[in-house]
Each structure stands twice: as structure tokens, then as C-alpha cells.
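The primary structure of each chain is shown beneath.
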Amino acid sequence: MSSPTPSPATLAVHADNSLNLLTDVAPAVHVSTTYRYPRSSSALQPVPPSGEYLDIASPLVYSRITNSNINRLETLLTPLIYPGIPSEEIAPLSNHVLSYSSGLTAFHALLVNVVPKVIAISGGYHGCHGVISLHQKMHGVKIVDLHADDAAWDAAGLGKGDIVHLETPLNPTGEAYSIQHYAERAHKRGAVLSVDATFAPPGLQDPFQFGADVVMHSGTKYIGGHSDMLCGILATKRGQWGEKMAKELRAERVFLGGVLGSLEGWLGVRSLRTMALRVARQSESAEKIVTWLDEGIKEEGSLVNKVVAKVTHASLQKEDFEWLKKQMPNGFGPVFAIYMREREMAKRLPGLLKYFHHATSLGGVESLIEWRRMSDSGVDERLLRVSIGVEGWEDLKADLERAFRVLAEGGSEEQEVGQRQVDEVTGGVGAMDLVDGAV
């Protein structure tokens, strides 16, 4: 009688047990870049003239090829990205999961592997558009709007070997799109559907269930979870096609040089242990705050209504719940967007908050808010992106409420919230000169 498949929370702690060769409960950080060959000459196997494919079960040679820290991270991620797989499939399927030095490195690796002539993409993270611009420069890849009709896709020539790139939920608004819908559109043309699921990490959304061919994550966010590591993840679908692509990606990663660092691999393992707990709480708290904001906007004359014009989040897409609740059964993600009534309100709000750091990025245990115009020149200047952390949601709500009151009453001085001046660290005016490309 077979044992039931453990829960993702259990697997996040124990899926790498087979790699425990030492007695350490917490895995060690291995920092070596090179590894000794066997002493016995009879055990030496030279690389064949055609080259050699090294997977995560191969002996370690050089850390740009692979290393023990990222092997453990990729092994641990496997049952989370492919929920429900039997334990005996974890080891071989781990070769389908590849870590990179950043999310954009992962996206670049995808484009290098597929070499599309046309990419369907719309909105979303501007960093991915920046990577595409490099490929436009190198080989003239064409862009077509993801949401355009079939006639527009036909005119662009989107077909076999091209990429349909869907980001859901969307950066920076937190709105969701149907993966199945775009999978059907892509596959009938022979195109590859890649899904950036950064805003809905494992546990909230399984894009492969709805037809994704490749799933991408900025592991910097919820996989890292503590705002202290850069990481990118690519995973390919199960089966022969996905196995072939993953094998190519793993070989190409050696020469792209975008392998994840040893410390980052270790940090990722540490973080995955608690991801199920963190993400569930963050998503639940975000939905409660979004509901409060949405109800306040609808109440004429309320404090929220005086300062907030709109809030966007997948939880508010009630008309889409027939497919959305199947796609995101365990929550709608911890990120949403607030549109203030005036640009100046959006610019001032972060400085009035006590429990939200005014910073880019998302997915950490701390709540962040960003006047998005600081890092993205293409957004509405009233937009604030909010990433909910693990703090008590009532405290976050009270913090927002207090700041809203200051704005509504037209206070001219920003409240003291006990934050240390950091202009010396950020460089003062220099910090305002960032180019597009933050996260």
C-alpha cells in the first residue's frame, strides 16, 4: 500500500532528505568553486569529444556547472512546482528545475534557448521588456500585444517556435489572467506558453495544470522571502518535450554564466522551509486589506474614499471567479496596487507609514510600498504597489488609515514615524536618478 503524497509544507522541509550526507540538521554553505577529481586513475573519466551533459546527480566538477547548494534548492523546489508527484519522481524531475542568478537572467536564458521570431507580451514587469529589447537588437525579434486578436497575431507571424509570455498575476497591479485561455491560443499555433508566476508562488498557483510549457519565477521574491537574495527560476513541463528543453537549458547555463551563487542557493533552501506559512499569511492579509480599501472607496465621504481612487487585485475580479478560483484556489497573492486621487498623495503616502518600507521589490517578510514612478517611467503617477508581509494585518490597516487621515486633512508636515534619515546611504538626489529596471 503506497503512502499518500505529503503536503507541500512537509515537502519544503523534507524533500531534500536524500541529500543529507552529514549530521547537520541545517545544511552547510559550501563555497568551493572547484572540486577534486578521484585519486585513482582508473576512476578518471575524460570528457568525450562531443561534450558531456551534467545533471544534478553528476559528480561535482566546477561551481558554474552546478554545486551542492543549488542542487539542494532545485531538488527542494521540485515537489512544490510539480505538486502531487510521487517521491520517487522528485530526483529525476529535479533536472527540469533550473536556478539562475536573477529573474531576468532566467528570462534571457529562455529566449536564448527558444530563439523566437515573435513574442506576444503585454504590460507586466518592464525588466522583461528590457531583455526583449536586447534580443530585438541582436536578431530582430518582433513584438505583438498579448491580448490582441488572432488577426493581429497572424499579421505579426506568430507561430511555431515563438513565445506567448503571460504574467499572472500582473506586475504591478496584482490582476490575474486565465492561463488556460492563453495556452489554447499559443498551442494551436505551435507556440510556447511561458508563464511568469512570480506573484503567485507554488502553493497559490500551478501553471502547468492549465497548459504552461515553461514556468518562470523571480526567486528573489517569495522563494527567497527575506529580501536578501537574487534568484531566478525556470521550470519546464513534464514529459519528453520538457525534458529535452531542460537538458538544453542546463547545458546553456554553463556558457551564459548565470548560475546561482552558493550563498544564494543556501539562502533559498533556508527560505523554502517556511514559504507555505509565509505566503498563505501574506495572501490572506492582502485580501483583507484589499476588501477594506474597496469597500471604503465605494462609501461616499469615507476616509478611504477621500484619498483612494481605485484598488486592483485578483480577489476583486468577481466576474472571473469561475476560472480564477480553480487557477488560484488557495489565495490571490500578496501584491496589489492602490491608485490615489492625486499624484502628490501617491508620492507622500509612503513617507507617512510606519510599518511599510518605501522600497522596490516584493515578497519579503516585511511589508513594502512603492510609489511605482520611482522605478517605472511607464506607469500612472498615482499608482502605489503594495507588497504585504507577515505582520498583523490589523496593524497594517491601522497604519494606512492613520496615513490616509493625514492626507485627507491636508497636513503639510509628514508625521514622524521613528525612521532614521538614510539620505547619506542612498546618496540623496542620486537615488532619484534610477533608470527603469527595478523589480
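Predicted model, so just to flag it, every value in this text is computed and none were measured.

## A closer look at the packing of helix α4 (residues 103-114) against helix α5 (residues 126-139)
- Contact geometry for α4 and α5: axes closest at 10 Å, N-to-C directions at 35°. When you trace α4 past α5, the crossing you get is right-handed. For the pair formed by α4 and α5, the contact residues are Leu-104, Phe-107, His-108, Leu-111 and Val-112 on the first element and Gly-127, Cys-128, Val-131, Ile-132, His-135 and Met-138 on the second.

## A few points about the sheet that holds strand β10 (residues 356-358)
- Across the sheet, five strands lie side by side as β8-β9-β12-β11-β10; this open sheet has mixed pairing. Taken across any chain shown, the strands that pair with only one partner, and hence form the sheet edges, are β8 (308-312) and β10. Mean inter-strand twist for the sheet, computed between neighbouring axes without regard to direction, equals 25°.
- Along the sheet, helix α10 (residues 275-298) makes contact with β8 and β9 (335-340), crossing β8 at roughly 145°.
- Strand contacts of helix α14 (residues 393-408): β8, β9, β10 and β11 (367-371), with the helix running at about 55° to β10, the strand carrying the most contacts.

## As for helix α9 (residues 262-272)
- Of the positions making up α9, those classed as buried are Ser-262, Gly-265, Leu-267, Gly-268, Val-269, Ser-271 and Leu-272.
- Along its buried surface, α9 packs onto α1 (8-14), α2 (68-81) and α10.

## What about the confidence of the model for the protein?
- Per-residue confidence for the protein gives a mean pLDDT of 92, with 92% of residues at or over 70.
- Long-range and interchain partners of residues 413-420, a stretch whose pLDDT sits below 50, account for 15 contacts in this model, where long-range means more than four residues apart.
- Long-range and interchain partners of residues 430-434, a stretch whose pLDDT sits below 50, account for four contacts in this model, where long-range means more than four residues apart.

## Overview of the pairing of strand β7 (residues 232-236)
- Across the five residues that make up β7, a large majority, five, are buried.
- The side-chain alternation of β7 yields two buried faces, one formed by Gly-232, Leu-234 and Thr-236 and the other by Ile-233 and Ala-235.
- Judged from the four bridges that link them, strand β1 (residues 97-100) and β7 form a sheet pairing that is antiparallel. Residue pairing in the sheet places Ser-99 in a bridge with Ile-233 of β7.

## Describing a nonpolar patch on the surface
- Taken together, the side chains of Val-29, Val-31 and Leu-263 make up a nonpolar region of the molecular surface, amounting to roughly 260 Å² of accessible area.
- Structurally, the position occupied by Leu-263 is in helix α9.
- For Leu-263, a relative accessible area of 46% translates into the label partly exposed.

About the cut-offs
- Residues numbered from 1 in each chain as written.
- Predicted model: local features only at pLDDT ≥ 70, side-chain atom pairs only at ≥ 80, totals over all residues.
- Heavy atoms only, no water.
- Axes fitted to C-alpha atoms, helices over the stretch in contact; angles between N-to-C directions.
- Helix = DSSP H or I, 4+ residues; strand = E, 2+ residues; numbered from the N terminus.
- Left-handed = near helix turned anticlockwise from the far one by under 90°.
- Contact = heavy atoms within 4.5 Å.
- Pairing = 2+ DSSP bridges.
- Buried < 20%, exposed > 50% of the residue type's maximum accessible area, 1.4 Å probe, protein only.
- pLDDT = per-residue confidence, 0-100.
- Patch = residues over 30% accessible without salt bridge, like charges linked within 9 Å, V, L, I, M, F, W, Y side chains within 5 Å.
- Areas by Shrake-Rupley, 256 points an atom, 1.4 Å probe, with all protein chains shown as cover.
- Salt bridge = Lys/Arg side-chain N within 4 Å of Asp/Glu carboxyl O.

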